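# Structure assessment
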Amino acid sequence: MTDNAEYFQDRVKIHRGSSTKRIKKWLSKLVLILIILSIGWGIYQVNKINSEQEKLDLKRESYYHNLRGWDYSKSGDFSNAISEYTKALELDPDDAMTYFNRGLIYYSMGDYHRAISDFSKTIELNPNRASTYYNRGLAFEKLGKTEESHRDIAKANELRYNT
């Protein structure tokens with residue numbers, strides 16, 4: 001019996017030692033995985049911040065061109081105004097106000113097809129702006145498209161446009 005008890009105790013010691021080693025090995029792998037995940041998360045966050053900063057820089061530059069377009073349009077230099085608005089839209093193609101402003105310039109120049117195109121894009125991006133429907137309606141009227149003109153003027157009135 002004594003031999004069996006000693007044998008069993010030796011086996012338990014060996015088993016405990018190997019379990020402890022396995023647990024330590026497993027924990028060290030887990031810690032390594034957590035470190036790698038932390039580094040990856042940090043890199044993701046830095047890239048996310050950089051991406052947001054790039055978007056802000058593009059918006060800022062787009063806004064600059066939009067203001068230049070506005071200045072040119074006030075002075076009657078429609079060609080340069082269109083050029084600046086187009087540059088702004090290349091940087092920020094979802095800026096409804098820039099499409100609207102460029103549409104006004106096209107309308108002023110008598111280019112009603114392009115005005116309608118820009119007003120339509122404005123409506124796509126911001127469907128609740130009454131003045132866009134009104135101005136597109138005026139452009140349709142200039143092209144003799146009475147039905148479209150009446151539809152847009154009615155929509156402008158529905159959105160409470162004051163003429």
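This text gives an overview of the structure that appears in the document. Every value quoted in this text rests on a predicted model; they were computed, and no experiment measured them.

A separate point is the pattern of salt bridges. Scanning the entire structure with this criterion turns up 10 salt bridges. Arg136 is the partner of Asp152 in a salt bridge, and the nearest nitrogen-oxygen pair spans 2.5 Å. Linking Asp152 in helix α6 (residues 146-158) with Arg136 in helix α5 (residues 130-142), this pair joins segments that are 16 residues apart in sequence. For the pair formed by Asp152 and Arg136, the shared burial category is buried. Put simply, Arg68, Glu84 and Lys87 are held in one network by salt bridges that share partners.

Here we come to the nonpolar core. Ala81, Ile82, Tyr85, Phe100, Ile105, Tyr106, Ala115 and Phe119 together form the largest nonpolar core, which totals 8 residues. Where this core is concerned, the elements lending two or more residues are α2 (78-91), α3 (96-109) and α4 (112-125). Aside from chain neighbours lying at most four places away, what touches Tyr85 is His65, Asn66, Gly69, Trp70, Ser73, Thr98, Asn101, Arg102 and Ile105.

So, how was this worked out
Residues numbered from 1 in each chain as written. Predicted model: local features only at pLDDT ≥ 70, side-chain atom pairs only at ≥ 80, totals over all residues. Heavy atoms only, no water. Salt bridge = Lys/Arg side-chain N within 4 Å of Asp/Glu carboxyl O. Helix = DSSP H or I, 4+ residues; strand = E, 2+ residues; numbered from the N terminus. Buried < 20%, exposed > 50% of the residue type's maximum accessible area, 1.4 Å probe, protein only. Core = buried A, V, L, I, M, F, W, Y, C linked by side-chain atoms within 4.5 Å. Contact = heavy atoms within 4.5 Å.

The quantities given are spatial measurements derived from coordinates; they are silent on function.
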